[in-house]
Amino acid sequence: MKRQVPLVLCFLFGVVMCFTQFSPHSFSQSIYDEVVYWALIMSPFALAVGTITLIQTHVIRIRRRTEHWQYSFVVFAGLLTMVAIGLPFGPQHPAFAWLFNNVQVPLDATMFSLLAFLIASAAFRAFRARTFEASLLLISAMIVLIGNVPVGDLIWNTVLSWLPWDNGASEARQWILGNPNLSARRGIILGVSLGVISQAIRLILGIERSYIGGGD
Amino acid sequence: MLSKLMNLDRRVIFIFVALAVIIPTLLPLNLPINVSEPTQRIYDYIDALPAGSTIMISFDYGPSSLPELNPMAKAVLRHCFDKDVRVIGMTLYAFAPTLADTLITEVAEEADAVNGEDYVFLGFRPGGEQVMLRMGISIGSVFEKDYTNTPLTEISMMKDITNYDQIDLILDLASGSTTDLWITYVNGKYNQQIAAGVTGVIVSNMYPYLQTKQLVGLMPGYLGASEYEKLIGVPEKGTQGINNASPVHVLILGLVIIGNIVFFIQRRREE
């Protein structure tokens with residue numbers, strides 16, 4: 001029963017929602033409206049599940065004294081502080097906004113800006129033209145990299161001013177993004193879309209059952 | 001010498017990167033900015049809207065992407081308020097409400113725009129595509145109140161706005177995959193015009209949608225922000241950011257070239 005009910009519900013909702021996309025009838029559209037509303041109501045529970053999982057993970061880390069377990073207390077301190085202010089007063093409260101602007105924003109920005117240092121170091125060590133394909137990738141990346149900033153065109157217009165066209169760095173970047181990149185991306189989108197369709201059919205027909213804890 | 005260069009301490013590179021950021025911050029470069037076609041397309045679309053039109057801006061990014069996307073939001077908001085285009089702000093990202101609210105309020109105060117008449121910020125709702133789909137039926141059924149807890153029925157600019165039919169453009173400012181969702185669910189199902197401003201790392205993903213005109217236009221990272229600032233004639237943090245990023249790009253390019261030259265010399269010697 002535990003397995004049959006989800007399978008039947010999945011089949012019913014899958015087929016009905018699929019049908020509503022092809023039928024403009026008011027009855028079909030009212031079903032669509034209602035189901036989308038249900039889905040919207042269910043969405044916040046994902047946040048609740050996420051929070052519970054976060055708490056569980058860090059409680060286990062503290063209990064087992066895993067490496068850097070002390071930092072889990074920082075997680076709880078942050079969580080409790082934001083909840084203690086956000087829940088009764090709302091996110092508009094100046095204290096909540098202050099904490100967000102002065103703790104969350106600089107911390108998050110710092111973490112992200114570290115990437116610039118790591119990427120520079122990694123590019124120096126790992127980006128090598130070992131094969132023909134790697135060379136193509138390397139040249140494209142270098143053109144996009146320099147075409148992405150105004151200094152690229154400045155260098156082009158100064159050093160290569162004898163060439164018949166201006167702003168070559170940004171033009172070349174635009175061409176790479178708009179032609180080879182576009183073609184490859186479109187291929188990926190089509191492939192992924194076909195995969196999603198086949199997976200949806202497998203779910204609706206009950207062939208794919210991993211979401212209820214079983215194998216194929 | 002060569003092996004020393006190949007095994008260069010990463011801290012030396014870190015110092016170079018730090019200097020490449022700090023020096024142009026202290027001594028601004030003011031490099032010339034050329035506006036690319038995808039950014040120009042967004043500007044032209046908004047510029048052609050008559051006064052009283054409505055744009056929805058979805059602030060789908062967190063603090064980590066704030067330096068790239070906030071300048072875009074600021075420039076577009078300035079353009080909208082200047083053209084008397086009404087703005088509905090919202091977000092699908094839990095971290096964004098405070099930053100989006102702060103930004104809209106700041107630009108609105110500067111432009112003398114009135115909350116509830118010229119703009120409204122609806123806040124955050126979880127659910128991603130469910131939120132998008134449901135707003136196609138009724139925005140009021142997803143956001144009953146705005147961010148300041150005023151019921152939508154009491155907000156004058158929302159009185160004639162029920163769903164996407166009354167919205168002229170949705171601009172998604174994104175650091176993740178939300179633009180794909182807006183295109184799939186809102187452009188695909190409701191034929192709504194979508195534009196995007198995205199971080200540099202996901203720009204390449206957006207080009208297929210630009211070609212098919214599923215995207216009206218695209219602002220690519222810092223570059224897009226600086227281009228839009230140039231178009232409205234207010235160079236600010238986007239312009240400063242792209243000027244600061246320029247030396248770092250040149251540095252990385254230089255490091256890659258040096259790394260490859262050394263690699264080829266070493267390989268030739270080994271052969």
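Residues numbered from 1 in each chain as written. Chains lettered and ligands numbered in written order. Predicted model: local features only at pLDDT ≥ 70, side-chain atom pairs only at ≥ 80, totals over all residues. Heavy atoms only, no water.

This next bit is on the overall build of chain B. For chain B, the count of helices and strands is 10 helices and 6 strands. Within the span of chain B, comprising 271 residues, buried residues form 56% of the whole. Within chain B, contacts between residues at least 6 apart in sequence are counted, and of these 74% link residues at least 24 apart. Within the structure as shown, chain B displays about 11,100 Å² of accessible surface, and the carbon and sulfur contribution to it stands at 54%. One finds the centroid of the 19 positive side-chain charges in chain B at a distance of 10 Å from the centroid of its 29 negative side-chain charges. (Helix = DSSP H or I, 4+ residues; strand = E, 2+ residues; numbered from the N terminus. Buried < 20%, exposed > 50% of the residue type's maximum accessible area, 1.4 Å probe, protein only. Contact = heavy atoms within 4.5 Å. Areas by Shrake-Rupley, 256 points an atom, 1.4 Å probe, with all protein chains shown as cover. Lys, Arg positive; Asp, Glu negative; His and termini not counted. Charge placed at Lys NZ, Arg CZ, Asp CG, Glu CD.)

In this section: the domain arrangement of chain A. It is common to give the size of an interface as the accessible area that goes away when the parts come together. All names here are of chain A. What the domain assignment reports for chain A is domain 1 (1–69) and domain 2 (128–208). On a C-alpha basis, the centroid separation for the pair domain 1 and domain 2 is 36 Å. Across the domain 1/domain 2 interface, buried area totals approximately 330 Å², and carbon plus sulfur atoms make up 79% of it. The largest per-residue losses of area from domain 1 upon contact with domain 2 belong to Leu-7, Cys-10 and Phe-11, which jointly make up 77% of the total buried on that side. At the boundary of domain 1 with domain 2, the tally comes to 0 residue pairs in polar contact (both at pLDDT 80 or more). In terms of residue class, the side of domain 1 that touches domain 2 is built from 4 nonpolar, 1 polar and no charged. (Domains from an automatic or database assignment. Buried area = accessible area lost by both parts, 1.4 Å probe. Polar contact = N/O pair within 3.5 Å; in protein donor to acceptor, adjacent residues only side chain to side chain. Nonpolar A, V, L, I, M, F, W, Y, C, P; charged D, E, K, R; others polar.)

We now examine a negative patch on the surface. Residues and elements named next belong to chain B. On the surface, a cluster of negative charge is contributed by Asp-44, Asp-47, Asp-82 and Asp-84. Of note, Asp-47 is situated in helix H3 (residues 37–47). Exposure remark for Asp-47: the relative accessible area of 31% places this residue in the partly exposed category. (Patch = residues over 30% accessible without salt bridge, like charges linked within 9 Å, V, L, I, M, F, W, Y side chains within 5 Å. Salt bridge = Lys/Arg side-chain N within 4 Å of Asp/Glu carboxyl O.)

So, on to the pairing of strand E5 (residues 194–198) of chain B. All names here are of chain B. A large share of E5 lies buried, amounting to 5 of its 5 residues. Residues Ile-194, Ala-196 and Val-198 of E5 are buried on one face, and the alternating residues Ala-195 and Gly-197, pointing to the opposite face, are buried as well. Examined bridge by bridge, strand E4 (residues 169–174) and E5 share 5 bridges and lie parallel to one another. From the neighbouring strand, Leu-173 faces E5, where its bridge partner is Gly-197. Taken together, E4, helix H7 (residues 178–190) and E5 form a β-α-β motif whose crossover is right-handed. As paired elements, E5 and strand E6 (residues 215–220) share 4 bridges and run parallel to each other. (Pairing = 2+ DSSP bridges. Right-handed = clockwise from strand over helix to strand, strands pointing away.)

Here the focus is the sheet that holds strand E1 (residues 54–60) of chain B. All names here are of chain B. Pairing in this open sheet of 6 strands is parallel, and the strands run E3-E2-E1-E4-E5-E6 from one edge to the other. Of all the strands in the sheet, the pair left with one neighbour each is strand E3 (119–124) and E6. Adjacent strand axes in the sheet meet at a mean angle of 15°, parallel and antiparallel pairs treated alike. On the sheet, helix H8 (residues 203–211) packs against E5 and E6 and is oriented at approximately 160° with respect to E6. (Axes fitted to C-alpha atoms, helices over the stretch in contact; angles between N-to-C directions.)

What the rule picks out here adds up to 9 salt bridges over all chains. A salt bridge links Arg-202 of chain A to Glu-208 of chain A, with the shortest nitrogen-to-oxygen separation between them at 3.5 Å. Overall, Arg-202 of chain A belongs to the partly exposed group, its relative accessible area being 28%. Between Glu-37 of chain B and Arg-41 of chain B there is a salt bridge, and its shortest N-O distance comes to 3.6 Å. With a gap of 4 residues between them, Glu-37 of chain B and Arg-41 of chain B both fall in helix H3, about one helical turn apart. In the salt-bridge network here, residues are joined through shared partners; they are Lys-74, Arg-78, Glu-106, Glu-110 and Glu-236 of chain B.

Turning to the nonpolar core, a few remarks are in order. Residues and elements named next belong to chain B. Counting 40 residues, the largest nonpolar core has Ile-57, Phe-59 and Leu-173 as its most contacted members. With 9 residues, the single largest contributor to this core is helix H4 (residues 66–82). Once you skip the residues sitting within four places of it in the chain, Phe-59 turns out to touch Ala-73, Gly-89, Met-90, Thr-91, Tyr-93, Ala-96, Ala-100, Leu-103, Ile-104, Phe-121 and Leu-173. Counting residues in hydrophobic clusters, the runner-up holds 38 residues, among them Met-135, Leu-152, Val-198 and Tyr-207. (Core = buried A, V, L, I, M, F, W, Y, C linked by side-chain atoms within 4.5 Å.)

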